[in-house]
Amino acid sequence: MKKIVCLFIIFLLNVGFSKAQNPLLDSLIHHIHDLSTQKPSLNRDTNIVLSLSLLTERSINLGDSRELMFLDSLKRFTVAVEWPKGIGLYQRALGKYNDIKGNYTEAFQHYNQAIQTLKKAGGDPYELAYTYVLAAFVLNNNGLTNKCLELLYEALPYAKATTNKNNLGWIYDFLGDYNYYDPFGVRNYKKALFYYKQVERLMPYTTSPTLKADNPHCLANVYMKLGNEALATQYRDKALALAKSYNNRVVIFATYADLADIYDQKQSYAKALEYRKASLDYARRSGWKEMQSRAENYIYRTYKQMGDYQNALKYYELHKMHEDSLGRFSVQKAYAELQTKYEAEKQQLRISDLENEKLIQWRNFLIGLSILGLFVAGFVFWSNHKLKTTNKQLSIKNKEIEEALLKGQTLERKRVASELHDNLNTKIAALRWRLEALDTSKYPETDQKIHAGILQTLEDVYADVRLISHNLLPPELETEGLSTALQKLIEKLNLNTKTMFHLIVDEALPRLNPTTEYQLYSIILELVNNVLKHAQAQKVWISLSEKNQSIFLTVSDDGVGMPTHNNPTGVGLRNISARVESLKGTWSLDTKPKVGTKISIEVPA
């Protein structure tokens, strides 16, 4: 088997020679070729795996057209050698491939598998530290910066324990970014400079071409912020020269983006656009969707500053398309939740103050009535006018409270959905991986069936939690509207339930305001839940249409109906009634035993 795989590698690398594109990759290909011609031994085979792993990950970083070919070669040889550490390296390479393609969930799963496998294989500190760093960056790209920092600090002892300081450099580099870039909210440029200089001091002990090019780019940024343009230019030129020599498109993209920022600030928009488009070109060449999305966002902002809204819209739509394809799920900050609750409490306090003010006015009115009887008519008129004004203010405040509560409810749904998706499902997946890793071949047949049943149950739970987290507040509802969100919901329901759902939506249905769309989606979820729990229906029809500035929604089923001797006022129907009333709409219920139930709702468009 090893001989066959070795011959395959020699063939593969000969193909690689004929497509030489990058000196960094070519030197590795020559090295692996030389190893493959040596006499087979454990030392030779493990060195081939190590070199193949480095070749594969560098080709993925550089967006090289041979990346899948190298990945497949690494897989074949790792399986043949049966070296546990090699399996961990293959899992990490697979994670990096998905990472750059924007498949973050798969990437994080593979990185976690690689960490566990490498630990079992002896815990090589260099490879473990690098894998931790990659997993941490996935968390950061999905808005989980605090968890990213936790993983980096977990990786720090491994990184310090190795003579090759690549990983220590990446950790310090991120700490510099954390203090430098605006989205993190720190903006401590002197502290950022401290960490970037730490990376610069580590350069003689590093081998990563990307780190060598990225560090002067970071130093150029921070010196620009600190007002030292001469040093900024010097480091930026160094970054570009190194990145071009290594064909590192990501660093070139970032450096051109920085130059565009400088011209943006000078309002030299023509020059800024020139660098913006060059930056986008390198982002596309890299094959890294994250970079493409950022580049398109930068161009959109420059066009917006210029007042060219047509082109701004064009690039904004491209940016949103890539963002949606990355599969991000926004994680709401605890601060935003607390801020919303705090605002709601403030509104409630204002209402209480107004109510107390009204009581004081009535007390004064009664005192004035007993003392100044001659002025009763005039005082009553004044008091009524004041009461109307107060009631109007109360109405306004109540509306603000409702909006704040709706916003808070939306944030809470997002938070719960995120917790289900990011925390609970991750733990379920980890539990499943551990069970799958058990060697059941020696188990009795009964235990093997139990083990298989547990795995299937975990798979079902994983799918259910994923469906629930998505349906709590699907991203399609915010980005594409109610119609698309319902289509996605129906597709998932028809995959996961025995009841067949049918959706009929008026093609001319316009986008509604966010409050109306959110409330209607919540009503439909409530009704669907009632059907699945109680109706015993085989078919359900959901119809949504617009006529004469009104939205008509009907949900009907062929189930057992509701008992006619009971007043249908359950919690679910009370929730639906409250939501319809909040939209100033009306609703009706038509039910017959063994025929089915139909609920009709009409709300203003």
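Residues numbered from 1 in each chain as written. Predicted model: local features only at pLDDT ≥ 70, side-chain atom pairs only at ≥ 80, totals over all residues. Heavy atoms only, no water.

Q: Can you help me understand the overall build of the protein chain in this one?
A: Helix and strand counts for the protein chain come out as 23 helices and five strands. Expressed as a percentage of its 605 residues, the buried residues of the protein chain come to 46%. Residue pairs in contact within the protein chain that sit at least 24 positions apart in sequence constitute 62% of those at least 6 positions apart. About 31,900 Å² of surface is accessible on the protein chain, with carbon and sulfur atoms providing 55% of the total. (Helix = DSSP H or I, 4+ residues; strand = E, 2+ residues; numbered from the N terminus. Buried < 20%, exposed > 50% of the residue type's maximum accessible area, 1.4 Å probe, protein only. Contact = heavy atoms within 4.5 Å. Areas by Shrake-Rupley, 256 points an atom, 1.4 Å probe, with all protein chains shown as cover.)

Q: Please explain the sheet that holds strand β4 (residues 586–592) as it appears in this structure.
A: Strand-to-strand pairing in sheets goes through backbone hydrogen bonds, with the strands running parallel or antiparallel. With respect to topology, five strands assemble into an open sheet ordered β1-β2-β3-β5-β4, the strand pairing being mixed. Each of the sheet's edge strands pairs with one partner strand only, and the pair in question is β1 (500–505) and β4. Recorded for the sheet is a direction-independent mean angle of 10° between the axes of neighbouring strands. Inspection of the sheet shows strand β3 (residues 550–557) paired to strand β5 (residues 596–604) by eight bridges, in the antiparallel sense. Opposite S550, over in β5, you have P604 as the bridge partner. Against the sheet, helix α21 (residues 482–496) engages β1 and β2 (539–547), with an angle of about 165° to β1. Packed on one face of the sheet, helix α22 (residues 514–535) meets β1, β2, β3 and β5 and runs near 10° to β3. (Pairing = 2+ DSSP bridges. Axes fitted to C-alpha atoms, helices over the stretch in contact; angles between N-to-C directions.)

Q: Can you walk me through the packing of aromatic side chains in this structure?
A: The geometry of an aromatic ring pair is captured by two quantities: the separation of the ring centres and the angle between the planes. Enumeration according to the criterion identifies 12 aromatic pairs in this entry. With a centroid separation of 5.8 Å and 35° between ring planes, the pair formed by F137 and F174 is classed as tilted. You can see F137 sitting in helix α7 (residues 125–141) and its partner F174 sitting in helix α9 (residues 166–180), a full 37 residues away along the chain. Taking relative accessible area as the criterion, F137 reaches 23% and is therefore assigned partly exposed. For F174, a relative accessible area of 4% translates into the label buried. Measuring from ring centre to ring centre gives 5.9 Å for Y263 and Y275, while their planes differ by 10°; the resulting arrangement is stacked. Placement of Y263 in helix α13 (residues 249–265) and of Y275 in helix α14 (residues 269–286) is noted, with a sequence separation of 12 residues between them. Under the relative-accessibility criterion, Y263 is labelled partly exposed at 24%. The ring of Y263 has K266 lying over it, and the distance from NZ or CZ to the ring centre is 5.6 Å. (Phe/Tyr/Trp six-rings, centres within 6.5 Å; stacked < 30°, edge-to-face > 60°. Lys NZ or Arg CZ within 6 Å of the ring centre and 35° of its normal.)

Q: Would you mind going over the pairing of β3 with me for this structure?
A: Within a regular beta strand, the side chains point alternately toward one face of the sheet and then the other, so they alternate between its two faces. Within β3, six of the eight residues are buried, leaving the element largely enclosed by the surrounding structure. The loop that links β2 with its antiparallel partner β3 comprises two residues; one of these, N548, has a positive phi angle of about 50°.

Q: Hey, could you run me through the pattern of salt bridges in this one?
A: Across all of its chains, the model carries 15 salt bridges by this definition. The partner of E200 in a salt bridge is K197, with the nearest N and O atoms 2.6 Å apart. Placement of the pair is E200 and K197 together in helix α10 (residues 189–202), with a separation of three residues, close to one helical turn. Note that K271 and E274 form a salt bridge whose closest N and O atoms lie 3.6 Å from each other. In this pair, K271 and E274 are both assigned in helix α14, three residues apart and thus about one turn of the helix distant. K271 gets classed as partly exposed once you look at its relative accessible area, which sits at 31%. Among the charged side chains, a network of salt bridges with common partners joins E57, R92, K96 and E127. (Salt bridge = Lys/Arg side-chain N within 4 Å of Asp/Glu carboxyl O.)

Q: Please explain the packing of helix α11 (residues 209–225) against α13 as it appears in this structure.
A: Helix packing geometry: the angle between the two helix axes and the distance between the axes. Between α11 and α13, the shortest axis-to-axis distance is 10 Å and the interhelical angle comes to 10°. Viewed along their axes, α11 and α13 adopt a mutual orientation that is roughly parallel. In the crossing of α11 with α13, the sense of the turn from one axis to the other is left-handed. Residues T210, A213, D214, H217, N221 and M224 of α11 form the contact with α13, whose participating residues are V251, A254, T255, D258 and I262. Its residues placed into classes, the contact of α11 with α13 shows five nonpolar, four polar and two charged. (Parallel < 35°, antiparallel > 145°, perpendicular 65-115°, else oblique. Left-handed = near helix turned anticlockwise from the far one by under 90°. Nonpolar A, V, L, I, M, F, W, Y, C, P; charged D, E, K, R; others polar.)

Q: What is the right way to look at the nonpolar core in this model?
A: Within soluble globular proteins, side chains that are nonpolar generally end up buried alongside one another. L55 and I171 are the most contacted members of the largest nonpolar core, which totals 82 residues. Top contributing element to this core by residue count: α7, with 10 residues. (Core = buried A, V, L, I, M, F, W, Y, C linked by side-chain atoms within 4.5 Å.)

Q: Can you walk me through the pairing of β4 in this structure?
A: Here β4 runs beside β5; their pairing, made up of seven bridges, is antiparallel. Paired with K592 across the strands is G596, a residue of β5.

Q: I'm lost on the packing of helix α5 (residues 84–100) against α7 in this one. Help?
A: At their nearest, the axes of α5 and α7 sit 11 Å apart, and the two run at 25° to each other. Taken together, α5 and α7 sit at an angle that is classed as roughly parallel. Pair α5 / α7 crosses with left-handed handedness. Residues K85, L89, R92, K96 and D99 of α5 touch α7, and the partners they reach there are E127, Y130, T131, L134 and V138. Along the lines of polarity and charge, the residues of the contact of α5 with α7 split into four nonpolar, one polar and five charged.

Q: Mind showing me how you'd approach the side chain of T117 here?
A: The residue T117 is located in helix α6 (residues 104–120) in this model. Among the polar contacts made by the side chain of T117, one reaches the side chain of Q91 at a distance of 2.8 Å. For T117, the residues in contact, after removing those within four places along its chain, are P84, I87, G88 and Q91. (Polar contact = N/O pair within 3.5 Å; in protein donor to acceptor, adjacent residues only side chain to side chain.)

Q: In this structure, what is going on with unusual backbone geometry? I would like to understand it.
A: One can expect most non-glycine residues to show negative phi and most peptide bonds to be in trans. Residue E82 is not a glycine yet carries a positive backbone phi of 60°. Positionally, E82 belongs in the loop between α4 (67–81) and α5. A relative accessible area of 65% places E82 in the exposed class. Here the phi dihedral of Q549 falls at roughly 65°; this positive angle occurs in a residue that is not glycine. Topologically, Q549 is positioned in the loop between β2 and β3.

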